Amino acid sequence: QILAPSLAQSQNIPAVEFLALSASMTSFFMHLAYNPGVEYPSPKIYLRDYEVRKFANDTDDGDRILECFQQSSEIVLIKTFREIEAKHIDYLSVLAKKKIVPVGPLVQDPVEEDEKKEIIEWLNDKEPSSAVFVSFGSEFFLSKEEMQEIAYGLELSMVPFIWVVRFPRGEKVNLQMALPKGFLDSIGDRGMVVEGWAPQKTILKHSSIGGFVSYCGWSSVMDSMKFGVPIIAMPMHLDQPVNARLVEALGAGVEVKRDTNGRLEREEVAKVIRKVLVEKTPKRKAKELRENMENKGDEEIDGVVQELLRLCSKL
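Nothing here was measured: the structure is a model prediction, and the numbers come from that model. Residue indices begin from 1 for each chain and proceed along its sequence in written order. Per-residue local features are limited, in this predicted model, to residues with pLDDT of at least 70; the limit for side-chain atom pairs, both in listing and counting, is 80 or more; totals at the level of whole chains, interfaces and linings are taken over all residues. Note that water and hydrogens are dropped before the side-chain values are worked out from all heavy atoms of the structure.

1. Re the nonpolar core
- We define a nonpolar core as any set of buried Ala, Val, Leu, Ile, Met, Phe, Trp, Tyr and Cys residues linked to one another through side-chain atoms lying within 4.5 Å. The cut-offs for exposure are 20% and 50% of the maximum accessible area for each residue type, with area from a 1.4 Å probe on protein chains only; residues under the lower value are buried, those over the upper are exposed, and the others partly exposed. The biggest cluster of nonpolar side chains holds 54 residues, and the ones touching the most others in it are F69, I162 and M225.
- In this text, helices come from DSSP runs of H or I with a minimum length of four residues, and strands from runs of E with a minimum of two, each type numbered from the N-terminal end. In terms of residues, this core owes the most to one element, helix α5 (residues 82-96), which gives 6 residues.
- Whether two residues are in contact is decided by their heavy atoms: any pair within 4.5 Å suffices. In this structure, I162 is in contact with I119, W122, L123, V132, F133, V134, M192, V194 and I203, ignoring residues within four places of it in sequence.
- Grouped together as the second largest cluster of nonpolar side chains are 33 residues, L142, V165, M236 and V276 included.

Structure below.
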C-alpha cells in the first residue's frame, strides 16, 4: 500500500490515493492524529468509551492511511458523495492540504442470481417494507454472545427477517451450535437464516425489505443508500462506529445502543428494528438519498475524469 506511490513517484508518475472509507471516518482519524485532545468539529461524530479502547488498537492501519495521503498527488479520490459528507470532505481537505474528490457510491445494480431463488421466493411472500435483512459482511465474525443476543432480538421483534451468518474458515461450528436452542424451529417461516453468502444487493432492492441490520461497513452503507433502505446500525470496530453515527445524523437509520461495556442487549435490538420499520423519518430520508443518487447519475465520475485529465496535462 505504501510502496505503490513511492514506486510511481520514482518513475515521475503522479500517484493518486483512492479511499474506500467515509470522509467522516478519515477526517475524524486525521483530526485525532493532528489535534489530540481537541473535539472534532462535528459533535455528532464521536466514539464511545468502549470504542476508544478498540480504536487505539487499530493505529497501524491509520498510520498507513496518513502516509499514503502524504504521498498522493495534489488530489485524493474518495468513495462518497457531497450530499451526505460535504462538511467532512471539506474538513479533510483542510487537514490533508489536498483536494478531496468524491467519486460517488460506486454501487452497481444487482445481477439476477439463479442459485438463491429460494430467497427471492421467500421475499415475494412478504408484505412491502415488512422484513429486515441482517448481514455483518464477509470479514467480521460475531462472537457467540453477540449471535445469541441478535437471535433473541430478532425473535422478540416479531419482524420477518433474512439473516446471513458466516463462520471463520476451518472453525468446527454450524448454525445449530451457534444459535439458541430451538431458535430455528420457533421462528418458522417468519425468518430465513442463510449460512455463508446471499446476494445483498438483490435482497436490498426487493420491495419487501424495510430495514438493513448492518455493521456499517462503508460499502454496506453505500448499498443501503443506493436502494433506499434505512439502517439498523450495529457497528463492531474500525470505521464502523463513525459510519453509524453519520447514518444516524443523516436520519437514514437508528443505532442499536450497547451497554457501558459494549455488549448488545436483545431488548434494544428488537426495539430499534421495530422503530425503523414503523417510523417515517428513516424511510423518508433513505428514499431521498436513493432519489438523489439516481438524479446525479455519473456526475461524480465525470468530475473525477476532469481532475485526472488536469493532473496528467501537467506531466
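2. Looking at empty space enclosed by the protein
- Put plainly, a pocket is an open set of points on a 1 Å grid over the protein atoms alone with protein on both sides within 12 Å along at least five of seven lines, a cavity is a set where a 1.4 Å probe fits but cannot get out, and a lining residue has an atom within 4 Å of a point. Grid points are joined across faces, edges and corners, and a volume is the space filled by probe spheres set on the points. As enumerated under the stated definition, the model contains 3 cavities of 30 Å³ or more in all.
- Quantified by volume, the largest cavity comes out at close to 60 Å³.
- Considering the residues around the largest cavity, the lining is formed by F136, G137, F140, F141, L142, M147, W163, V164, V165 and R166.
- Tallying contributions element by element places strand β5 (residues 161-165) first for the lining of the largest cavity, with 3 residues.

3. Overview of the packing of helix α7 (residues 144-157) against helix α13 (residues 266-278)
- Interhelical geometry of α7 versus α13 gives an angle of 45° and a closest axis separation of 7 Å. Regarding the angle of α7 to α13, the classification is oblique. Both α7 and α13 take part in a crossing whose hand is right-handed. Facing α7, whose interface residues are E149, Y152, G153, L154, L156 and S157, α13 presents R266, E267, V269, A270, I273 and R274.
- Throughout, the ten residues Ala, Val, Leu, Ile, Met, Phe, Trp, Tyr, Cys and Pro are labelled nonpolar, Asp, Glu, Lys and Arg are labelled charged, and all others, Gly among them, are labelled polar. The class makeup of the residues in the contact of α7 with α13 is 6 nonpolar, 2 polar and 4 charged. Between the N-to-C directions of two axes lies an angle of 0 to 180 degrees, each axis being a line fitted to C-alpha atoms and, for a helix, fitted only over the stretch in contact. To sort the angles, those under 35 degrees are grouped as roughly parallel, those over 145 as roughly antiparallel, those from 65 to 115 as roughly perpendicular, and the leftovers as oblique. In this scheme the crossing of two helices becomes right-handed for a clockwise turn of the near helix relative to the far one and left-handed for an anticlockwise turn of less than a right angle.

4. Some remarks on the packing of aromatic side chains
- Aromatic pairs are defined between Phe, Tyr and Trp rings, using the six-membered ring for Trp, whenever the two ring centres lie within 6.5 Å; interplanar angles under 30 degrees are classed as stacked, those over 60 as edge-to-face, and all others as tilted. What the rule picks out here adds up to 5 aromatic pairs.
- Pairing F133 with F212 gives two aromatic rings, centres 5.4 Å apart and planes at 25°, and the pair type is stacked. Within this pair, whereas F133 is found in strand β4 (residues 131-135), its partner F212 is found in strand β7 (residues 209-214), the two being separated by 79 residues in sequence. Considered together, F133 and F212 belong to a single accessibility category, that of buried residues.
- An aromatic cluster of three or more residues is present, and its members are F28, Y40 and Y91.
- The ring of W122 has K126 lying over it, and the distance from NZ or CZ to the ring centre is 4.1 Å.
- Note on criteria: charge over ring means Lys NZ or Arg CZ within 6 Å of the ring centre, with the direction from the centre no more than 35 degrees off the ring normal. The aromatic ring of Y46 is capped on one face by R245, whose charged end is 5.0 Å from the ring centroid.

5. Details of the pairing of β5
- Most of β5 is tucked away, with 5 of its 5 residues classed as buried.
- Because side chains alternate across β5, one face comprises the buried residues F161, W163 and V165, and the other comprises I162 and V164, equally buried.
- The sheet contact formed by β4 and β5 spans 3 bridges and is parallel. Residue V132 lies in a different strand from β5, and its bridge partner there is F161. The pairing criterion for strands is at least two bridges between them, as found by DSSP.

6. Some details on the pairing of strand β3 (residues 99-102)
- Strand direction decides the pairing type here: strand β2 (residues 75-78) and β3, joined by 4 bridges, are parallel. Each bridged residue has a counterpart across the sheet, and for I78 the counterpart in β3 is P102.
- Crossover β2 to β3 through α5 is right-handed. If you view a crossover with the strands going away from you and the path from the first strand over the helix to the second runs clockwise, you call it right-handed.

7. Some words on the sheet that holds strand β6 (residues 191-195)
- As summarised here, the arrangement of the 6 strands in space is β6-β5-β4-β7-β8-β9, forming an open sheet in which the pairing is parallel. The sheet is open, and its two edges are formed by β6 and β9 (253-255), each paired on a single side. On average, each strand axis in the sheet is tilted by 15° relative to the strand beside it, whichever way the strands run.
- One ladder, built from 3 bridges, connects strand β8 (residues 231-233) with β9; its direction is parallel. If you follow I232 over to β9, its bridge partner there is V254.
- Strands in contact with helix α6 (residues 117-124) are β4, β5, β6 and β7; relative to β6, the strand with the most contacts, it is inclined by about 165°.
- Most of the contacts of helix α12 (residues 240-250) go to β9, to which it runs at about 130°, and overall it touches β8 and β9.

Note that every value here comes from positions in space, so none of it alone points to a role or purpose.
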